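Okay, here's what each chain looks like letter by letter:
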Amino acid sequence: MANCSECGTKFGFIATLYGPNNDLCKKCFYKLSGKDSEGKRLELPTEAQAITLTTETFVTSPVQKRLQIIISSEDCRLDIDISKVQSELLEDLKRQAFDLGANAVIGVNISFIETYTANIASGEFKKFKMVAYGTAMVIDE
């Protein structure tokens, strides 16, 4: 029997596992992804809201530390509000950067990746992911 890698909760024989490594319970998965127990996004802490996001790959401020590449993605349908999903992805990058101790994310890029296509009667059905990524860093301000 497996345990949640975050809180240690034991999984039953038939259980839905969450996270990139399928090792989290639903509660911990939502907590780590900045959502409440119903899957609704939590407000960012004030310190995390102040994190700088930039598409630039060259920073003129002295870099104290490059932490790691961070990524956020969202499954999308054809009827999504792209600006809302974009805001959620950028907010998630800030949350991850804050958790790592960064004060900036540089080289931010947002892309669409087609994940599924099906031919239906007279047309096509497509499903895709919207992905945002960048490098979490500590820079002098």
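Calculation rules
Residues numbered from 1 in each chain as written. Predicted model: local features only at pLDDT ≥ 70, side-chain atom pairs only at ≥ 80, totals over all residues. Heavy atoms only, no water. Phe/Tyr/Trp six-rings, centres within 6.5 Å; stacked < 30°, edge-to-face > 60°. Helix = DSSP H or I, 4+ residues; strand = E, 2+ residues; numbered from the N terminus. Buried < 20%, exposed > 50% of the residue type's maximum accessible area, 1.4 Å probe, protein only. Contact = heavy atoms within 4.5 Å. Core = buried A, V, L, I, M, F, W, Y, C linked by side-chain atoms within 4.5 Å.

## Quick look at the packing of aromatic side chains
Under the counting rule described, the total for this entry stands at one aromatic pair. Plain terms: the ring middles of Phe 112 and Phe 128 are 5.5 Å apart, the flat faces sit at 65 degrees to each other, and that makes the pair edge-to-face. Of the two residues, Phe 112 is situated in strand β3 (residues 104-120) and Phe 128 in strand β4 (residues 123-139); the sequence distance between them amounts to 16 residues. Using a relative accessible area of 16% as the deciding quantity, one classes Phe 128 as buried.

## Some points on the environment of Gly 101
Here Gly 101 is to be found in the loop between α3 (82-100) and β3. Expressed as a C-alpha distance, the spacing of Gly 101 and Val 138, which sit 37 residues apart in the sequence, is 7.4 Å. If sequence neighbours within four positions are ignored, Gly 101 has contacts with Leu 67 and Val 138.

## As for the nonpolar core
If you look at the biggest cluster of nonpolar residues, it comprises 15 residues, and the most contacted ones within it are Ile 70, Cys 76, Val 85, Ala 97 and Val 105. Looking at this core, the elements with two or more residues in it are β2 (63-76), α3, β3 and β4. Once you skip the residues sitting within four places of it in the chain, Val 105 turns out to touch Ile 51, Thr 52, Leu 53, Thr 54, Ile 70, Leu 93, Ala 97, Gly 134, Thr 135 and Ala 136.

That's the geometry; what it means functionally is another story.
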